[in-house]
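# Examining the three-dimensional arrangement
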Amino acid sequence: MLDYLTQEQKRALLSDLIDKVRGNTDLEWSDIVDEYDLTMSAETLRKSTVGIKLILESGMQITDEIKDTSYDKAFRERTWLNDQRREYNSLLRKDARAEHLYDIITSSALKLNEEKPLRAEYQLLGEQGESKKEAVLVLSDWHYGQTANNIYNVYSTEICRERVAAVACEAMYQCKLHQVKKLHVFILGDMIEGCLRASSRVASEELAADQVIHVSELLAELIDALAENVREICVYSTWGNHGRMVQNFADSIHADNVEKIIGWWLRTRFIDADNIRFPDANWGELIRANVCGYTVIGTHGDLDMDRDAVLKLNAIHQNEHGARIDWFIAGHAHEIKGAENSGIPVIGAGCLNGTDEYAKNKRLFSRPGQTMLVFRPDCGVESRIDIRL
């Protein structure tokens, strides 16, 4: 049955099966099948180990060493190489799945470009003239898909759309008022409610997979509307904590996040737009943008709750890029606020959803809103607009 395996491979396979039955390995049955290219299903392999399980349960000992003079350092090295290959194959499978997901999303967005095209020609309704002003529109903590109905707030996907429309109107008005030449759109994460907590799933109108597609298209419509009034738009996106793939924080990888789909979707939707750009400006999970000559950093904020976080990031930034951070913008806290940390202005962006059940029960109250900053060369922030909803 396993004649195509060498003696060393059979021994390594037996060792892996014993470890699996004993619970001493994190390998799945399917991983073992893939590792040894077995011509059987994972379920068949699992059933075939019943004999090993009976031996272990009977109290009989299975030696961890194979009594063979040839089973020495050379075999241990081959086993180590097999482990390395297994890890490498696991990474390849993850990359393949990510590439496949990207291909599916891109294909869907391209199809939507045909069925529901965004504006093919952008008409400037405002006149920027010789203005050199730039603005940053901070979009953070929409929690699309969440529902709330309490004495402080009512929220749903429909209300989310209404609030986004209000943000778009105010942002367009401010761009024309200040004659903004370039608009930087910071998407700072937690745009979906996701499934971070059990209560999140209960209080959601849509599944997380549906939420991310719908909020991506809602963002596309918002950016499309803004493009009528601004000569150039730069879009940057990062992820929050609500979109992480694994609920348990200890077991999760911060970058393993479904909100990365948002950036893929938007790039494809605006693939033919000349005045909408997507700079490759991510510094890890941080956004780094040059706004009127100032270095502006944007992040979700869940990793930066420590008061010294900004100072540490500034030191790293100076070491890597030879320049200090001029402005630091973060979401997550659901508060529109401003402070200064050792000379670095720290802007707290608002949330679109307002007070939900989780916040209410902890007596954390916030009025929904988003933030916009207008920059002028040699001045910095000329105007801060808190778009209260």
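From a predicted model like this one, the values you see are computed outputs, not experimental measurements.

This part takes up the pairing of strand S5 (residues 232-237). Both faces of the sheet carry side chains from a regular strand, because those side chains alternate between them. Pairing analysis gives six bridges linking strand S4 (residues 182-187) to S5, with the strands arranged parallel. The residue of S5 that forms the bridge with His184 is Cys234. Bridge count for S5 against strand S6 (residues 276-277) is two bridges, and the pairing is parallel. When the sheet's bridge partners are listed, Cys234 is paired in S6 with Arg277.

The subject of this paragraph is the sheet that holds S4. Read across the open sheet, the six strands follow the order S6-S5-S4-S1-S13-S14; overall the sheet is mixed. Every interior strand has two partners, whereas the edge strands, S6 and strand S14 (380-388), have only one. In this structure, strand S1 (residues 134-139) lies alongside strand S13 (residues 369-376), joined through five bridges in antiparallel fashion. Note that in S13 the partner of Ala135 across the bridge is Val374.

In this section: the confidence of the model for the chain. Taken as a whole, the chain shows an average pLDDT of 82; of its residues, 79% reach a score of 70 or greater. The secondary-structure element of the chain with the lowest mean pLDDT is helix H7 (residues 198-202), recorded at 49, while S1 shows the highest, at 98.

Next up on the list: helix H6 (residues 157-177). Taking 1.5 Å of rise per residue, 21 residues should cover 30 Å, and H6 covers 30 Å from first to last C-alpha, within 8% of that figure. Inspection of H6 places Thr157, Ile159, Cys160, Arg163, Val164, Val167, Ala168, Ala171, Met172, Gln174 and Cys175 among the buried residues, and these make up the whole buried set. At its buried positions, H6 is contacted by S1, strand S3 (154-155), S4, helix H8 (208-226), S13 and S14. In the segment just after H6, Gln179 is the residue with positive phi, at about 55°.

Now for helix H1 (residues 7-22). Residues spaced three or four apart along an α-helix face the same direction, because each turn holds 3.6 residues. Spanning 16 residues, H1 covers 23 Å between terminal C-alpha atoms, matching the ideal 22 Å at 1.5 Å per step. Turning to H1, its buried residues number three or more, namely Arg11, Ala12, Leu13, Asp16, Leu17, Ile18 and Lys20. Just past H1, the residue Gly23 takes up positive phi, approximately 80°.

Mapped onto the elements, Val346 comes out in strand S12 (residues 344-348). Val346 sits 18 residues away from Phe328 along the chain, and the two C-alpha atoms are 4.8 Å apart. Beyond its immediate chain neighbours, meaning those up to four positions away, Val346 contacts Val310, Phe328, Lys337, Gly338, Ala339, Glu340 and Asn341.

Scanning the model with the defined rule gives four aromatic pairs in all. Ring centres 4.4 Å apart and planes at 45° place the aromatic pair Tyr152 and Phe365 in the tilted group. On the criterion of sequence distance, the pair formed by Tyr152 in the loop between strand S2 (148-149) and S3 and Phe365 in the loop between helix H11 (357-361) and S13 is long-range, its members being 213 residues apart. Here Tyr152 falls in the partly exposed class, since its relative accessible area comes to 45%.

Attention now moves to the packing of H6 against H8. The interhelical angle for the contact between H6 and H8, taken along N-to-C directions, is 25°, at an axis separation of 10 Å. Taken together, H6 and H8 sit at an angle that is classed as roughly parallel. Where H6 crosses over H8, the handedness of that crossing is right-handed. Together, Cys160, Arg161, Val164, Ala168, Ala171 and Met172 of H6 and His214, Leu218, Glu221, Leu222, Ala225 and Leu226 of H8 make up the contact between the two elements. Grouping the amino acids of the contact of H6 with H8 by side-chain chemistry returns nine nonpolar, one polar and two charged.

Another aspect to go through is the pattern of salt bridges. All told, the structure shown has eight salt bridges when counted by the stated rule. Its salt-bridge partner being Glu382, residue Lys133 comes within 3.0 Å of it at the nearest N-O pair. With Lys133 in the loop between helix H5 (73-115) and S1 and Glu382 in strand S14, this pair connects stretches of sequence that are 249 residues apart. Judged by relative accessible area, which is 30%, Glu382 ranks as partly exposed. A salt bridge links Glu232 to Arg277, with the nearest nitrogen and oxygen atoms 2.7 Å apart. With a gap of 45 residues between them, Glu232 in strand S5 and Arg277 in strand S6 connect regions that are remote in the sequence. Take Glu232: its relative accessible area is 22%, and that puts it in the partly exposed class. Taking the relative accessible area as the measure of exposure, Arg277 reaches 36% and is therefore partly exposed.

Let's shift gears to the sheet that holds strand S8 (residues 286-291). Pairing within the open sheet is mixed, and its six strands lie in the order S7-S8-S9-S10-S12-S11. The sheet terminates laterally at strand S7 (282-283) and strand S11 (337-341), the two strands that pair on one side only. Two elements, strand S10 (residues 327-330) and S12, share three bridges in a ladder whose sense is parallel. In the strand pairing of S12, Ala330 is matched with Gly348.

Within the largest apolar cluster, 48 residues are counted, with the highest numbers of intra-cluster contacts made by Leu139, Trp142, Leu183, Ile233 and Leu266. Of all elements in the fold, only S1, H6, S4, H8, S5, helix H9 (260-269), S13 and S14 reach the threshold of two or more residues within this core. Looking at which element gives the most residues to this core, the answer is H8, with nine residues. Residue contacts for Leu183: discarding those within four places in its chain leaves Ala135, Val136, Leu137, Cys175, Leu226, Val230, Glu232, Ile233, Cys234 and Met372. Among the nonpolar cores identified, the runner-up in size contains 19 residues, and Phe186, Ile287, Leu373 and Phe375 belong to it.

This part covers the side chain of Asn314. The residue Asn314 is located in helix H10 (residues 309-321) in this model. Judged by relative accessible area, which is 10%, Asn314 ranks as buried. Apart from the residues lying within four places of it in its own chain, the contact partners of Asn314 are Arg324, Ile325 and Ile344.

Criteria and thresholds
Residues numbered from 1 in each chain as written. Predicted model: local features only at pLDDT ≥ 70, side-chain atom pairs only at ≥ 80, totals over all residues. Heavy atoms only, no water. Pairing = 2+ DSSP bridges. Helix = DSSP H or I, 4+ residues; strand = E, 2+ residues; numbered from the N terminus. pLDDT = per-residue confidence, 0-100. Expected span 1.5 Å × (residues − 1). Buried < 20%, exposed > 50% of the residue type's maximum accessible area, 1.4 Å probe, protein only. Contact = heavy atoms within 4.5 Å. Phe/Tyr/Trp six-rings, centres within 6.5 Å; stacked < 30°, edge-to-face > 60°. Axes fitted to C-alpha atoms, helices over the stretch in contact; angles between N-to-C directions. Parallel < 35°, antiparallel > 145°, perpendicular 65-115°, else oblique. Left-handed = near helix turned anticlockwise from the far one by under 90°. Nonpolar A, V, L, I, M, F, W, Y, C, P; charged D, E, K, R; others polar. Salt bridge = Lys/Arg side-chain N within 4 Å of Asp/Glu carboxyl O. Core = buried A, V, L, I, M, F, W, Y, C linked by side-chain atoms within 4.5 Å.

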